[in-house]
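Reading the structure
Below are the chains, spelled out letter by letter.
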Amino acid sequence: MKSLDDYLYDIDNRPSNAELRFMIGIQVAVVGALGIAVPLLTLHWAGVRQWALIGIPLLCAAASVWWLLRFLKRRGLETKAKYVAHGGNPAGTSDLLFGQVSYKITPDGRWKWPTPSSGE
């Protein structure tokens, strides 16, 4: 049985790809919904009718989701580079998934994963 300290500082014990994909799915859904809702309500309040109430919110949602995925990919490239520099093995995890990884580098230079919610 590993101690909590071993779990926190074990660089190879990263979150599963399924967990990272699930979080990306939630973020895409939230950003897409906000990308539709905010322009739709704004245009409706401004009195715009017909095609603009469908087309503009859909374009805003697509742009918002594109921005989110691009941001996660950039963040993932940076995180993956740091992970490799600290001795981790990123095999099997894409840059996009690494954009979801949360970590901290301690003052003594060790990679630290978040504290697990369940007691192992």
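What you are looking at is a predicted structure, and each value in this text was computed from that prediction instead of being measured. (Residues numbered from 1 in each chain as written. Predicted model: local features only at pLDDT ≥ 70, side-chain atom pairs only at ≥ 80, totals over all residues. Heavy atoms only, no water.)

Let us look at the packing of helix H2 (residues 17-46) against helix H3 (residues 52-85). Look at H2 against H3: their axes get within 8 Å of each other, and the N-to-C directions meet at 145 degrees. As H2 packs across H3, the resulting crossing turns out to be right-handed. Residues Ile24, Gln27, Val28, Val31, Gly32, Gly35, Ile36, Pro39, Leu40, Leu43 and His44 of H2 form the contact with H3, whose own contacting residues are Ala52, Leu53, Ile56, Pro57, Leu58, Cys60, Ala61, Ser64, Val65, Leu68, Leu69 and Leu72. Its residues assigned to classes, the contact of H2 with H3 comprises 18 nonpolar, five polar and no charged. (Axes fitted to C-alpha atoms, helices over the stretch in contact; angles between N-to-C directions. Helix = DSSP H or I, 4+ residues; strand = E, 2+ residues; numbered from the N terminus. Left-handed = near helix turned anticlockwise from the far one by under 90°. Contact = heavy atoms within 4.5 Å. Nonpolar A, V, L, I, M, F, W, Y, C, P; charged D, E, K, R; others polar.)

Of all hydrophobic cores here, the largest spans eleven residues; its members are Leu20, Ile24, Val31, Leu68, Leu72, Tyr83, Leu97, Phe98, Val101, Trp111 and Trp113. Listing elements by their share of this core, those giving two or more residues are H2, H3 and helix H4 (95-98). (Core = buried A, V, L, I, M, F, W, Y, C linked by side-chain atoms within 4.5 Å. Buried < 20%, exposed > 50% of the residue type's maximum accessible area, 1.4 Å probe, protein only.)

The subject of this paragraph is the packing of aromatic side chains. Enumeration according to the criterion identifies two aromatic pairs in this entry. Ring geometry for tryptophan 67 and phenylalanine 71: centres 5.6 Å apart, planes at 15 degrees, overall stacked. Of this pair, tryptophan 67 and phenylalanine 71 both sit in helix H3, four residues apart, which is roughly one turn of that helix. Ring geometry for tyrosine 83 against phenylalanine 98: centres 5.3 Å apart, planes inclined by 55 degrees, an arrangement best described as tilted. You can see tyrosine 83 sitting in helix H3 and its partner phenylalanine 98 sitting in helix H4, a full 15 residues away along the chain. (Phe/Tyr/Trp six-rings, centres within 6.5 Å; stacked < 30°, edge-to-face > 60°.)

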